[in-house]
Amino acid sequence: MLLLVSHLRAQDNTLIVEQSGQGNSAAISQTGRGQYAELLQDGSANQATINQVGADNAALVNQSGDLNQITLDQTEGSYANFLNANQTGNGNRISHLQGYAGLYNQANMTQKGTENYISSRQAYNSNSNQMTVSQQGDYNQIEGWQTRSSFGNEMTISQRGNLNRAYLYQTYNMRSSEMTVTQEGENNHANLIQEFGTRNNEANLMQSGDNHRAFVSYWDYASKNLFNAYQTGNGHSINFQSWSGSLNQVNAEQRGQRNRLSGSQTHASVFNRLTAIQVGSNNQVDFSQRVSVKYDNITVAQVGNNNIASLSQRFNSDHNEIDLTQHGDANSATLNQDVSSEYNRLDTDQTGTGNQITFMQNSVSFRNEANLTQNGERNRIEGGQHSKSEDNLMTLSQTGDDNQITASQSAYSSNNTMTVMQTGNNNTARLLQSAGVTYYGDFVGSRYNEMTVIQSGDRNFAEVGQSVISSYNTADVEQTGNDNQVYVTQGTYPNKSTDSDAVIYQFGNANLATVSQFGLNMAAAVQQSGNGNTVTVTQMNGSN
C-alpha cells in the first residue's frame, strides 16, 4: 500500500503521482494559485481525494480497475479551477462538489464499465461553474444537484448503454442554470426536478433507443423554467408534473411507436405552456392543467395511426387554450375545459379515416370557444358546452363521407352560437340547444341562442333541437344535394316557448324538411328548390 498526502500552497507547483497495486490511497490539496496535480492509479480498491480551494488550479485523475473511489471538491471561494477524472472498470464511485462561493470552476468526469456511480453538486452560492459527465456501460447512475441560491451553472450528462439512471435537481432559488442529459441505449431512466423558487433555468433531455423513461417536475413556485425533451425509438414515456408555477414551458418531441407523454400543471398555474409532437403510431398524450389555471396553453401534434390525446383544463380555468392536430387514421381526442370555465378555447384539426373527437366545456361555462375540424371519412365529433352555458361559440366542420356530429349547448343555455358544416355524403348532425333544471326542480329556459347548419352532398341528415322553454332562438339550416333530411324542433309540448325562428333552405331533389314549433310567436320559413321535395310544418300552443 502507498499512502500519499500532498498539500500544495505555493504558486505554479506541479505534482505527478503514479500508483499501481492494490489498496492504494491518495489525497491532494491545492490551496494556492496555478497548481497542477496528476494522479495515475492502476489496480483495485484505489481511493483519491482532491480539494481545490485556490484559483487557476488543475488536477487530473486516472483510475483503472474495479471499486475505485474519487472525491473531488472545488469549494470555499475556489475560482477557475479545473478537474479531470477518468475511471475504467466496474463499481467505481465519484463524489464531486462545486460550492461555497465557488466561481468559474470546471469538472469533467468519465466512467467506462458497469454499475458505476457519480454524485455531483453545484451548490451554496456557487456560480458560473461547469460539470461534464460521461458514462459508458450498463447499470450506471448519476445524481446531480444545482441548488442553494446558485446561478449560471451548467451540468452536461451523457450515458451510453442500457439500464442507466440520471437523477438531476435544480432546487432552492436556483437561477439561470442549465442541465443537459443524453442517454443512448435501452431502458434508461432520467429524473429532472426544478423546484422551490427556481427560475430562468433550462433542462434538456435527449434519449435514443427503446423503452426509456423520463420524469420531470416543476414544484413550489418554480417560474420561467424551460424543459426540452427529444426521444427517438419505441416504448418511451415522459411524465411531467408542475405545481404552483408560472411562465414555465415544456417542449417534448417523440418519434417512434408506443410512446407516451403524461402529466399536469396544477394549483395557481399561470402562463405555462406545453408543446408536444409525436410522430409514429400507437402514441398517447394525457395532460391536464387544473385548479386555478390561467392563460395556460397546451399544443399537441400527432402524426400517425391509432394515436390518443386526452387533454384538459379544469377547476377555475380561464383564458386557457388547447390546440390539437392529429394526422392519420383511427386517432382519438378527449378534450375538457370545465368546472368554472371561462374564456377558454379549443382548436382541433384531424385528418384521416375513423377519427373521433369528444369535447366538453361545462359546469359554469362562459364565453368559451370550440373550433373542431375533421377531414376524411367515418369520423365522429361528440360533446358540448353544458351546465349554465352562456355566450359560448362552437364551430364544427367535417369534410368527407359517413361522418357524424352530435353536439349540444344545454342546461341554462343562453346567448350561445353553434355553427356546423358538413361536406360530403351520408353525413349526420344531431344538435341541441336546451334548457336545464335547477336544484329545486324548476326549468330554466334556453334563450338567445343561434344555430347554423350547412350540409353539402347527398343523403345527409340533420336533427336540430332548441327545446324546453326555448325563447328568442334562431335555427338556420341549409342543405345542398339530393335525398337529404332535416328535422327542426323548437319548444317541447306542453312547456311553452316563445319568439323563436326556424329557416330551412334545401337545394336538390327528393329532400325532406320537417319543422315542429311549440309556443308563442314562433316563425318558420322553408325554401326548397328541386323535384320531389317534401315539407311539413307543425305549430302548436299559440298565435304563430
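Residues numbered from 1 in each chain as written. Predicted model: local features only at pLDDT ≥ 70, side-chain atom pairs only at ≥ 80, totals over all residues. Heavy atoms only, no water.

1. With respect to the overall build of the protein
Phase 1 of the analysis: If you tally the helices and strands in the protein, you get 0 helices and 54 strands.
Phase 2 of the analysis: By the compact-globule yardstick of 24 Å for 544 residues, the protein is too spread out, its C-alpha radius of gyration being 33 Å.
Phase 3 of the analysis: Looking at the protein as a whole, 51% of its 544 residues qualify as buried.
Phase 4 of the analysis: Of the contacts made within the protein by residues no fewer than 6 positions apart, 52% connect residues no fewer than 24 positions apart. (Helix = DSSP H or I, 4+ residues; strand = E, 2+ residues; numbered from the N terminus. Rg over C-alpha atoms; globule rule 2.2 N^0.38 Å. Buried < 20%, exposed > 50% of the residue type's maximum accessible area, 1.4 Å probe, protein only. Contact = heavy atoms within 4.5 Å.)

2. A few points about the environment of Ser-78
Phase 1 of the analysis: Take Ser-78: it is sitting in the loop between strand 7 (69-74) and strand 8 (82-88).
Phase 2 of the analysis: Owing to a relative accessible area of 0%, Ser-78 belongs among the buried residues under this scheme.

3. Some words on the pattern of salt bridges
Pairs can form between side chains of opposite charge once their charged atoms are near each other.
Phase 1 of the analysis: Evaluation of the coordinates by the stated rule reveals 12 salt bridges.
Phase 2 of the analysis: Note that Glu-377 and Arg-378 form a salt bridge whose closest N and O atoms lie 3.8 Å from each other.
Phase 3 of the analysis: One salt bridge connects Arg-430 with Glu-463, and the closest N-O pair in it is separated by 3.7 Å. With Arg-430 in strand 41 (residues 428-434) and Glu-463 in strand 46 (residues 461-467), the pair connects residues that are 33 residues apart, well separated along the chain.
Phase 4 of the analysis: Residue class for Arg-430 comes out partly exposed when judged on its relative accessible area of 39%.
Phase 5 of the analysis: Owing to a relative accessible area of 36%, Glu-463 belongs among the partly exposed residues under this scheme.
Phase 6 of the analysis: A single network of salt bridges, built from pairs that share partners, joins Glu-342, Arg-367 and Asp-391. (Salt bridge = Lys/Arg side-chain N within 4 Å of Asp/Glu carboxyl O.)

4. Describing the side chain of Gln-19
Phase 1 of the analysis: With respect to the helices and strands, the residue Gln-19 is situated in strand 2 (residues 14-20).
Phase 2 of the analysis: Side-chain polar atoms of Gln-19 contact the backbone oxygen of Ser-25, separated by 3.1 Å. (Polar contact = N/O pair within 3.5 Å; in protein donor to acceptor, adjacent residues only side chain to side chain.)

5. Focus on the environment of Gly-519
Phase 1 of the analysis: Here Gly-519 is to be found in strand 52 (residues 512-520).
Phase 2 of the analysis: Looking at Gly-519, the relative accessible area reads 0%, which means it is buried.

6. Here's the deal with the packing of aromatic side chains
Phase 1 of the analysis: Under the counting rule described, the total for this entry stands at 6 aromatic pairs.
Phase 2 of the analysis: Between the aromatic rings of Tyr-448 and Tyr-472, the centroid separation amounts to 5.0 Å while the plane-to-plane angle is 5°, which identifies the pairing as stacked. Placement of the pair is Tyr-448 in the loop between strand 44 (446-447) and strand 45 (450-456) and Tyr-472 in the loop between strand 47 (470-471) and strand 48 (474-480), with a sequence separation of 24 residues.
Phase 3 of the analysis: Note on Tyr-448: relative accessible area 43%, which makes it partly exposed.
Phase 4 of the analysis: Exposure remark for Tyr-472: the relative accessible area of 40% places this residue in the partly exposed category.
Phase 5 of the analysis: For the pair Phe-461 and Tyr-487, a centre-to-centre distance of 5.7 Å together with 45° between the ring planes defines the contact as tilted. Residue Phe-461 is found in strand 46, and its partner Tyr-487 is found in strand 49 (residues 485-490); the two are separated by 26 residues along the sequence.
Phase 6 of the analysis: Since its relative accessible area comes to 27%, Tyr-487 is described here as partly exposed.
Phase 7 of the analysis: Against the face of Trp-145 rests Arg-121, its NZ or CZ located 4.1 Å from the ring centre. (Phe/Tyr/Trp six-rings, centres within 6.5 Å; stacked < 30°, edge-to-face > 60°. Lys NZ or Arg CZ within 6 Å of the ring centre and 35° of its normal.)

7. Section: a nonpolar patch on the surface
Phase 1 of the analysis: A cluster of nonpolar side chains, contributed by Leu-247, Phe-271 and Tyr-295, occupies part of the molecular surface with about 290 Å² of accessible area.
Phase 2 of the analysis: If you trace the backbone, Leu-247 turns up in the loop between strand 21 (237-243) and strand 22 (249-255).
Phase 3 of the analysis: The exposure class of Leu-247 is partly exposed, given its relative accessible area of 41%. (Patch = residues over 30% accessible without salt bridge, like charges linked within 9 Å, V, L, I, M, F, W, Y side chains within 5 Å. Areas by Shrake-Rupley, 256 points an atom, 1.4 Å probe, with all protein chains shown as cover.)

8. Let's talk about the confidence of the model for the protein
Phase 1 of the analysis: Mean pLDDT over the protein stands at 87; residues scoring 70 or higher make up 94%.
Phase 2 of the analysis: Residue range residues 1-5 is modelled with pLDDT below 50. Its contacts to residues more than four positions away, or to other chains, number 13 contacts.
Phase 3 of the analysis: Between residues 437-443, whose pLDDT stays under 50, and residues either more than four places distant or in other chains, the model counts 10 contacts. (pLDDT = per-residue confidence, 0-100.)

9. Some points on unusual backbone geometry
Phase 1 of the analysis: Even without glycine at this site, Glu-115 takes up a positive phi of about 55°.
Phase 2 of the analysis: Along the polypeptide, Glu-115 turns up in the loop between strand 10 (106-112) and strand 11 (117-123).
Phase 3 of the analysis: Phi angles above zero are rare outside glycine, and Asp-402 is one such case at about 60°.
Phase 4 of the analysis: Residue placement: Asp-402 occurs in the loop between strand 38 (393-399) and strand 39 (404-410).

10. Here we look at the environment of Arg-290
Phase 1 of the analysis: By the element assignment, Arg-290 lies in strand 25 (residues 284-290).
Phase 2 of the analysis: Sequence-wise, Arg-290 and Ser-264 are 26 residues apart; in three dimensions their C-alpha atoms are separated by 7.5 Å.
Phase 3 of the analysis: Discounting residues that sit within four places of it in the chain, Arg-290 has contacts with Ser-264, Gln-265, Thr-266, His-267, Arg-314 and Phe-315.
Phase 4 of the analysis: For Arg-290, the side chain forms a polar contact with the side chain of Ser-288, separated by 2.6 Å.

11. Points about the side chain of Asn-225
Phase 1 of the analysis: Relative to the helices and strands, Asn-225 resides in the loop between strand 19 (213-219) and strand 20 (226-232).
Phase 2 of the analysis: A residue is classified by how much of its surface remains accessible, and Asn-225, at 1% relative accessible area, is buried.
Phase 3 of the analysis: Within polar-contact distance, the side chain of Asn-225 engages the backbone nitrogen of Asn-201 at 2.9 Å.

12. What to know about the pairing of strand 35 (residues 369-375)
Phase 1 of the analysis: Taken together, the 7 bridges between strand 32 (residues 345-351) and strand 35 define a ladder with parallel strand orientation. Considered in strand 35, the bridge of Asp-349 is made with Thr-373.
Phase 2 of the analysis: Sheet topology note: the strand 35/strand 38 ladder contains 7 bridges and is parallel. Residue pairing in the sheet places Glu-369 in a bridge with Leu-393 of strand 38. (Pairing = 2+ DSSP bridges.)

13. Things to note about the pairing of strand 45
Phase 1 of the analysis: Side chains of strand 45 alternate between two faces, with Met-451, Val-453 and Gln-455 buried and Glu-450, Thr-452, Ile-454 and Ser-456 left unburied.
Phase 2 of the analysis: Of the strand pairs in this sheet, strand 40 (residues 417-423) and strand 45 are connected by 7 bridges, and their pairing is parallel. Across the sheet, Thr-423 pairs through a bridge with Ser-456, a residue of strand 45.
Phase 3 of the analysis: Across 7 bridges, the pairing between strand 45 and strand 48 is parallel. Paired with Glu-450 across the bridge in strand 48 is Thr-474.

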